[in-house]
Amino acid sequence: MTVTIPDTAMVLAAGQGLRMRPLTNHRPKPLIPVLGKPMLDHALDRLAEAGVGRAVVNSHYLGAMIGAHLKDRTAPTITLSPEETLLETGGGVKKALPHLGSAPVYTVNADIFWLDGPVPALRRLAAHWNPAEMDALLLLMATTKSVGYDGLGDYHMDPLGGLTRRAERELAPFVYAGVQIVKPELFAADTPDGAFSTNLIWDRAQAAGRLFGLAHDGLWFHIGTPDGLREAEDLLAIGGVRAVAH
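Since this is a predicted model, take the numbers as computed values, not measurements.

Cut-offs applied
Along each chain, the written sequence defines residue order, and numbers are assigned to residues from 1. For this predicted model, a pLDDT threshold of at least 70 governs which residues receive local features, and a threshold of 80 or more governs which side-chain atom pairs are given and counted, while totals over whole chains, interfaces and linings are taken from all residues. Side-chain calculation: all heavy atoms of the structure are included, whereas hydrogens and water are not. Aromatic pairs are defined between Phe, Tyr and Trp rings, using the six-membered ring for Trp, whenever the two ring centres lie within 6.5 Å; interplanar angles under 30 degrees are classed as stacked, those over 60 as edge-to-face, and all others as tilted. Only DSSP runs of H or I with at least four residues qualify as helices, and only runs of E with at least two residues qualify as strands; both kinds are numbered from the N terminus onward. A simple rule labels every residue: compare its accessible area, found with a 1.4 Å probe on the protein chains alone, to the largest value its type can have, and call it buried under 20%, exposed over 50%, or partly exposed in between. In the sections that follow, a salt bridge refers to a side-chain nitrogen of Lys or Arg positioned within 4 Å of a carboxyl oxygen of Asp or Glu. UniProt positions are given in the numbering used here, feature names are shortened, and annotations may be inferred rather than shown by experiment.

**Q** Describe the packing of aromatic side chains, and please don't skip the residues or the numbers.
**A** Scanning all chains against the criterion turns up 2 aromatic pairs. When the centroid spacing of 4.7 Å and the interplanar angle of 65 degrees are considered together, the rings of Tyr176 and Trp202 count as edge-to-face. Remark: Trp202 occurs in helix 6 (residues 199-207) and Tyr176 occurs in strand 11 (residues 174-182); sequence separation between them is 26 residues. Comparing Tyr176 with Trp202 shows no difference in burial state: the two are buried.

Pasting the structure below:
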């Protein structure tokens, strides 16, 4: 079977990072370093290693700092998509559609951090991607294995990878890990012109039986607060994990 790696990615870097204050008082959350490297660079390095040639990076809060940080980057090549008003995840992708093309793309949250298992997560997603059956393929993390995550989870997953969103006040075994392959045209068809969440896209795909997931087989860190950042760095420094992260 031939594996087609998406050539283009959307990197979501526009959030305000309110829970990370005071670290985000003077810089955007994606530029906060983990093990000496900004989270945004970790994400872009993974994309380059997976064969992605071009990344569209949106920005809003302190967006000029993100643009300045990326001005000399060549792998992947960068297209900036600044937002005057915050468009949320779905609106941010929709605004960037002219730069994304029509083929399936990765989207990656710029404020997450993960370590790969035996096969890089982005390549695992590409190997599992089946556009004839899927509109979106989400990388998921088991809530019990997530570092720094204390939420209720996002999805249940059946044996074939089909996803069902958890009901209100229900627990779900998997949390969205901030990485997916998705068809760009989903963001153009009957969607709001302003801000909206990618949850709209996922709920439609689920209703059509075309929303799938893949469980991450490495480590995943939810870095939502300064305490969470310290916890992650403390754990990453143990047992030689530091070398793997760079």
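**Q** Give me the lowdown on the pattern of salt bridges, citing residues and values where you can.
**A** Two side chains with opposite charge may pair up if their charged atoms get near one another. Taken as a whole and assessed by the stated rule, the structure comprises 13 salt bridges. Put simply, Asp41 and Arg73 hold a salt bridge, and the shortest N to O gap is 3.6 Å. Linking Asp41 in helix 1 (residues 39-49) with Arg73 in the loop between helix 2 (63-70) and strand 5 (77-82), this pair joins segments that are 32 residues apart in sequence. Each member of the pair, Asp41 as well as Arg73, carries the same accessibility label: buried. A salt bridge links Asp135 to Lys183, with the shortest nitrogen-to-oxygen separation between them at 3.4 Å.

**Q** Residue-level account of the UniProt feature "domain: Nucleotidyl transferase" (unreviewed entry) in the chain, with values.
**A** Per the UniProt annotation, the sites labelled "domain: Nucleotidyl transferase" (unreviewed entry) are residues 9-128. Helix makes up 32% of residues 9-128 and strand 23%, with an end-to-end C-alpha separation of 17 Å.

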